[in-house]
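Understanding the architecture of this molecule
Residues per chain, in single letters:
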Amino acid sequence: MIIPVAAEKDSESFVADKEVLFMRELGILDNEDINTEITRGEFAVYAAKLFKENTEGGAKVRYFKDVDPNSRQANSIHLLYEKGIINGKGDGTFGTNERISIYDAAVILLRIAGYSAYAEVMGYDTLIAENDILKGVSGTVVTVDNMAKMLYNILNTPVCVIEQYNGGMPTYDIDEDYLLMEKLFSMYEVKGILKGAGGVCVEEDLTVSEDAVIIGDDVYEVSESLADKMYNDLGCIVEAYVAEDDYGVETVVFYSVDKKTERTVINYSDLITPIDEELIINYHENGKIKTINLPSEIKVLKNGELYTEDVWEAFSGSQGVISVLEDSEIFLVNVAEYDSVLVSGVNLEDNMIYAKYGKSVSVDENKLDRVRIYLSDGSSGTLSDIKAG
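The structure contained in this document is the topic of the report that follows. As the structure is a computational prediction, the values presented were derived from the model and not from experiment. (Residues numbered from 1 in each chain as written. Predicted model: local features only at pLDDT ≥ 70, side-chain atom pairs only at ≥ 80, totals over all residues. Heavy atoms only, no water.)

**Section: the layout of surface pockets**
- Of the voids in this model, the second largest pocket is the one considered here, and its volume is about 740 Å³.
- Lining the second largest pocket are 28 residues, with Lys18, Glu19, Lys135, Tyr152 and Glu239 sitting closest to its centre.
- The set of elements that each furnish at least two residues to the lining of the second largest pocket consists of helix H1 (18-26), helix H7 (144-155), strand E7 (237-244) and strand E8 (250-257).
- The greatest single-element share of the lining of the second largest pocket, amounting to 4 residues, is contributed by E8. (1 Å grid on protein atoms, 1.4 Å probe; cavity = no way out; pocket = protein on both sides within 12 Å on 5 of 7 lines; lining within 4 Å. Points joined across faces, edges and corners; volume = space filled by probe spheres on them. Helix = DSSP H or I, 4+ residues; strand = E, 2+ residues; numbered from the N terminus.)

Set out below in structure tokens:
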């Protein structure tokens, strides 16, 4: 098995990939250093979390000589052993403190998805490759980052079920539409254009509430805080995970923007000429002059209001950010204006910014995810970073 070697990621500056963020959302990961190498015992703890069973406290029995029944890892290891997912090293030990190999980790995950018996026929190497269990994995050891990708991949793998025995031979049923994600977490993935979020839609004939989003042609419930985050990605192609409860209510619990999405962000201060009826954006970027020709059928979302006619009027202003999103179905420009305020004081309880001159600014606490605050030195900050000046 050949695994590409990649450079270690900088834990301080690295923006976690969607796999890591999703595992955190599921409660499988916390805020571990993504470069931390994983032992066999630690991997058992993370893998056992997929079953959402309580593994805290000491174990009542001892299956392996090197697993202390009172250790943090004991119940997780025992849970996987009792489910037939792990067998140890054959000498009565589990190798708890040894680094787990990428191959062994992949085998454990495939067994969780029901492939133990099928692997005797097909071989684990074949099943690992066919199901893309190592997609995104780099290097030769299991780090937190690599493990998150493997966990993500197995959750998006079809469940293997032994249906029946004919003449002593098992029949394997692999339903491509029934993924381990649905079996263990009652979740499924949806992908499409984000057309509505935070009470705003990019289609004139659509409406959406503050606690819902529209992806493609379907409406899903969502927490208001997540809806406000998704508002910033209106018009983008997104991949979202939807959980369905016992009452059939479908709620988005996690999403990411498709990596193919192309978005150009331009500060008003970088514009060379105002944007008028010609809908041409001339701007500076890294010392070069660049141009974007906007089509006549463009849609402009300005501070939450959709413009589909006389759209050039939406660009009037002196300060703000222009985000140009190109897509096969929606060509959207998101215009966010901002104000400069000479601050006399800040009330963090009421989210009020008091201006020394002119109108003070009140920030809706439910809309903080939509607010961008830039300090006098040009860096971004929060309300608590603002100093009276």
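**A short note on the nonpolar core**
- In this structure, Phe22, Met23, Phe43, Leu50, Ile112, Leu155 and Phe185 are the most contacted members of the largest nonpolar core, which totals 60 residues.
- Not counting the four nearest positions on each side in its chain, Phe22 is found in contact with Tyr152, Met181, Met187, Tyr241 and Phe254.
- If you look at the next biggest cluster of nonpolar residues, it comprises 25 residues, including Ile215, Leu226, Ala227 and Tyr231. (Core = buried A, V, L, I, M, F, W, Y, C linked by side-chain atoms within 4.5 Å. Buried < 20%, exposed > 50% of the residue type's maximum accessible area, 1.4 Å probe, protein only. Contact = heavy atoms within 4.5 Å.)

**Description of the pairing of strand E11 (residues 288-293)**
- Relative to E11, strand E10 (residues 280-285) is paired through 6 bridges, and the arrangement is antiparallel. What sits directly across from Ile281, in E11, is Ile292.
- Here E10 hands over to E11 after 2 residues, with Asn286 in that stretch at a positive phi of 50°. (Pairing = 2+ DSSP bridges.)

**Details of the pattern of salt bridges**
- Applying the stated criterion across every chain, the model contains 13 salt bridges.
- Lys149 is the salt-bridge partner of Asp17, the closest N and O atoms lying 2.7 Å from each other. One end of the pair, Asp17, is in the segment before H1; the other, Lys149, is in helix H7, with 132 residues separating them in the sequence. We note that Asp17, like Lys149, is buried.
- Two residues, Glu37 and Arg99, come together in a salt bridge whose shortest N-O distance is 2.7 Å. With a gap of 62 residues between them, Glu37 in the loop between H1 and helix H2 (40-48) and Arg99 in the loop between helix H3 (74-82) and helix H4 (102-112) connect regions that are remote in the sequence.
- Residue classification places Arg99 among the exposed positions, given a relative accessible area of 52%.
- Each of Lys18, Lys191, Glu239 and Asp258 takes part in a single network of salt bridges with overlapping partners. (Salt bridge = Lys/Arg side-chain N within 4 Å of Asp/Glu carboxyl O.)

**Quick word on the side chain of Asp233**
- Among the structural elements, Asp233 can be located in the loop between helix H9 (224-231) and E7.
- Setting aside its immediate chain neighbours within four residues, Asp233 contacts Leu194, Tyr255, Val257 and Arg263.

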